[in-house]
Amino acid sequence: MPSLKSEVNEIEGVGQIKIDVPFGVKFVSSYIFEIDNKTILIDAGLNSKSWIKIFLERLKDLKKTIADIDVCIITHSHIDHIGLMGVLRKKNPDAKIYMHNITQKILEWETDKSNLEDIEQQAIKLSHQFTRYGLSEDQRKRIVQFFTYWPKLRHYQKPDGVLHDGNIILKNLEIIWTPGHSFGHICVFNRDKKHLFSGDHVLSRITPHIGNFMVPEFITKQYNNYNFSNVLDQYLQSLDRINDLNVRVIFPGHQEIIYNPQERINQIKDHHDKRLADISKVIKDKPMTPYRISKIHFGEDLDEINSFLALSEVLGHLLYLEDKEQVKTIEKNGQILYYS
Ligand SMILES: [Zn+2]
């Protein structure tokens, strides 16, 4: 097992624990701070023995132990943000774990073994949609593997409370529902200090992946006023909400702490505007599958996972343009071609 790099910092009373994770994002940050005489932990890292061991070590650097944690807030359901929940529950049964209502429902659904078949059926349905977007049969099969693999890695702890948009906890912490990167994603805003714990909603160097492909049907029915066909638009609306808060410092789940929140938010918006314009240009009077467009836009030499992420990124923008009636589609040989 290669040793994981880690680092501890303190910024305006907020302790940051950075630890490597074996993904493209390189490391994940958890944050620990006090408010109303309680110790709060934002996000719970990765569920691996070595990761957790290092986390417990680094807590000591902040003169804390796991027994000191009163409240743990999870920003979203991805495996690099929920890992410690089990250990926390076991070592400190008094700690309260909170997550958004949707995150709770999705995690509960995904980790219930009796839903495995359901999950596979949904993955198969989704994969067929992707062949209509231009993927080959081999690639389709691997999509099914991909979408059935991740849920198996997740572990679920029943939270002590579920959160909703606008909830205020511990007098000063406001919960902001920010769907986009993940449907149940929340940011946590310390209104007093104007600190925003942004999870993966705002990052310092990359634009977060917009993805909501595997939302269980019972959730989409329950949230039927949410526009699932235009997740990018929902993400951009979530960004505007953050922009309105007058945040001073953003503490993200990955990458660097952000001291120029407005500027960073504008950069992310500009990035999406540019990508929308670029994609429209590529398909001007030239109908193409989303897969073809992604190859032109991101190049041919991506590995499998990155070429899927590239497709997903392009698709998010195409669905946005389609929803705004700025592109059209035609069907040809069972595939969907977009053009502007
Ligand atoms: Zn993450």
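Above this note sits the structure.
Residues numbered from 1 in each chain as written. Predicted model: local features only at pLDDT ≥ 70, side-chain atom pairs only at ≥ 80, totals over all residues. Heavy atoms only, no water.

**Remarks on the overall build of the chain**
- Each helix and strand in the chain was counted, giving 11 helices and 14 strands.
- A globule of 340 residues ought to have a C-alpha radius of gyration of about 20 Å, and the chain, at 20 Å, matches this closely.
- In terms of its C-alpha atoms, the chain occupies a principal-axis envelope of roughly 60 × 45 × 40 Å.
- In the chain, which comprises 340 residues, the share counted as buried stands at 53%. (Helix = DSSP H or I, 4+ residues; strand = E, 2+ residues; numbered from the N terminus. Rg over C-alpha atoms; globule rule 2.2 N^0.38 Å. Buried < 20%, exposed > 50% of the residue type's maximum accessible area, 1.4 Å probe, protein only.)

**Quick notes on the nonpolar core**
- Counting residues in hydrophobic clusters, the biggest one holds 53 residues, and the most contacted among them are Phe130, Phe183, Leu196, Ile242, Ile293 and Tyr338.
- Residue contributions to this core peak at seven residues, all from helix H11 (residues 304-323).
- Ranked by size, the runner-up nonpolar core spans 28 residues in total, among them Ile54, Ile66, Ile69 and Ile74. (Core = buried A, V, L, I, M, F, W, Y, C linked by side-chain atoms within 4.5 Å.)

**Things to note about the state of the cysteines**
- Tallied over the entire structure, the rule returns zero disulfides.
- For the unlinked cysteine cysteine 72, the closest cysteine sulfur is that of cysteine 187, found at 16 Å.
- Classification of cysteine 72 as buried rests on a relative accessible area of 0%. (Disulfide = S-S within 2.5 Å.)

**With respect to the coordination of the zinc ion**
- The coordination sphere of the zinc ion contains the protein donors Asp80 (OD), His81 (NE2), Asp200 (OD) and His254 (NE2), at a distance range of 2.0 to 2.6 Å.
- For the zinc ion, the four donor atoms are set out with angles of 85 to 161° between them, so the coordination reads as irregular.
- For the zinc ion, the donor residues sit on a single chain with the sequence spacing D-H-x118-D-x53-H. Residue aspartate 80 shares its accessibility class with histidine 81, and that shared class is buried. (Donors = N, O, S within 2.8 Å, 3.2 Å for Na, K, Ca; no water. Tetrahedral: all angles 85-135°; square planar, octahedral: opposite > 155°, others 65-115°.)

**Brief notes about helix H9 (residues 261-282)**
- Between its first and last C-alpha atoms H9 spans 32 Å; for 22 residues at 1.5 Å apiece the expected length is 32 Å, and the two agree.
- For H9, the complete set of buried residues consists of Pro261, Arg264, Ile265, Ile268, His272, Arg275, Leu276, Ile279 and Ser280. Along the axis of H9, the buried residues cluster in a sector spanning 155°; they form a single face. In H9, the exposed positions that point more than 90 degrees away from the buried face belong to Lys274 and Lys281. (Expected span 1.5 Å × (residues − 1). Arc of directions from axis to C-beta.)

**Some details on the environment of leucine 84**
- By secondary structure assignment, the location of leucine 84 is in the loop between helix H2 (79-82) and helix H3 (85-91).
- Exposure remark for leucine 84: the relative accessible area of 2% places this residue in the buried category.
- Distance in space between the C-alpha atoms of leucine 84 and leucine 239 is 28 Å, their sequence separation being 155 residues.
- Once residues within four sequence positions are removed from consideration, leucine 84 is found in contact with Leu41, Ala44, Gly45, Trp51, Ile52 and Phe55. (Contact = heavy atoms within 4.5 Å.)

**Considerations on the packing of H9 against helix H10 (residues 290-298)**
- Between H9 and H10, the least distance of the axes is 11 Å, while the angle of their chain directions is 115°. Relative to H10, the element H9 is oriented roughly perpendicular. The two elements H9 and H10 meet at a crossing, and its hand is right-handed. Listed contacts from H10 to Arg275, Asp278, Ile279 and Val282 of H9 are Ile293, Ile296, His297 and Phe298.
- A breakdown of the residues in the contact of H9 with H10 according to their chemical character gives five nonpolar, one polar and two charged. (Axes fitted to C-alpha atoms, helices over the stretch in contact; angles between N-to-C directions. Parallel < 35°, antiparallel > 145°, perpendicular 65-115°, else oblique. Left-handed = near helix turned anticlockwise from the far one by under 90°. Nonpolar A, V, L, I, M, F, W, Y, C, P; charged D, E, K, R; others polar.)

**With respect to the sheet that holds strand E2 (residues 14-20)**
- Ordered in space as E1-E2-E3-E4-E5-E6-E7, the seven strands form an open sheet in which the pairing is mixed. Among the strands making up the open sheet, the edge pair consists of strand E1 (6-11) and strand E7 (161-163). Averaged over neighbouring strand pairs, the angle between their axes works out to 20° when direction is ignored.
- Helix-sheet contacts for helix H4 (residues 101-111) involve strand E6 (96-100) and E7, and the interaxial angle to E6 is about 95°. (Pairing = 2+ DSSP bridges.)

**Digging into unusual backbone geometry**
- Despite not being glycine, asparagine 246 has its phi angle at roughly 60°, a positive value.
- Topologically, asparagine 246 is positioned in the loop between helix H8 (231-243) and strand E12 (249-252).
- Of the residues examined, asparagine 246 reaches a relative accessible area of 52% and is grouped as exposed.
- Not every positive phi belongs to a glycine, and glutamine 255 is a case in point at roughly 65°.

**Quick look at helix H5 (residues 116-132)**
- Between its first and last C-alpha, H5 extends 25 Å over 17 residues, near the 24 Å set by a 1.5 Å rise per residue.
- Those residues of H5 lying buried are Ile119, Gln122, Ala123, Leu126, Ser127, Phe130 and Thr131.
- Where H5 is buried, its residues meet H4, helix H6 (137-153), helix H7 (217-222), H11 and strand E14 (335-339).
- Of the residues one or two after H5, glycine 134 is the one with positive phi, at around 115°.

**Quick notes on the pairing of E1**
- Sheet topology note: the E1/E2 ladder contains six bridges and is antiparallel. Paired with serine 6 across the bridge in E2 is isoleucine 19.
- Where E1 folds back on E2, the antiparallel hairpin that results is connected by two residues, among which glutamate 12 adopts a positive phi of roughly 45°.

**With respect to the sheet that holds strand E11 (residues 195-199)**
- Judged by pairing direction, the sheet is mixed, and its five strands sit side by side in the order E8-E9-E10-E11-E12 without closing on themselves. The open sheet terminates on both sides in strands that have one partner only, identified here as strand E8 (168-169) and E12.
- Where E8 meets strand E9 (residues 173-177), two bridges bridge the pair, whose relative direction is antiparallel. Opposite isoleucine 168, over in E9, you have glutamate 174 as the bridge partner.
- The sheet strands contacting H8 are E9, strand E10 (186-190) and E11, and the helix crosses E9 at an angle near 155°.

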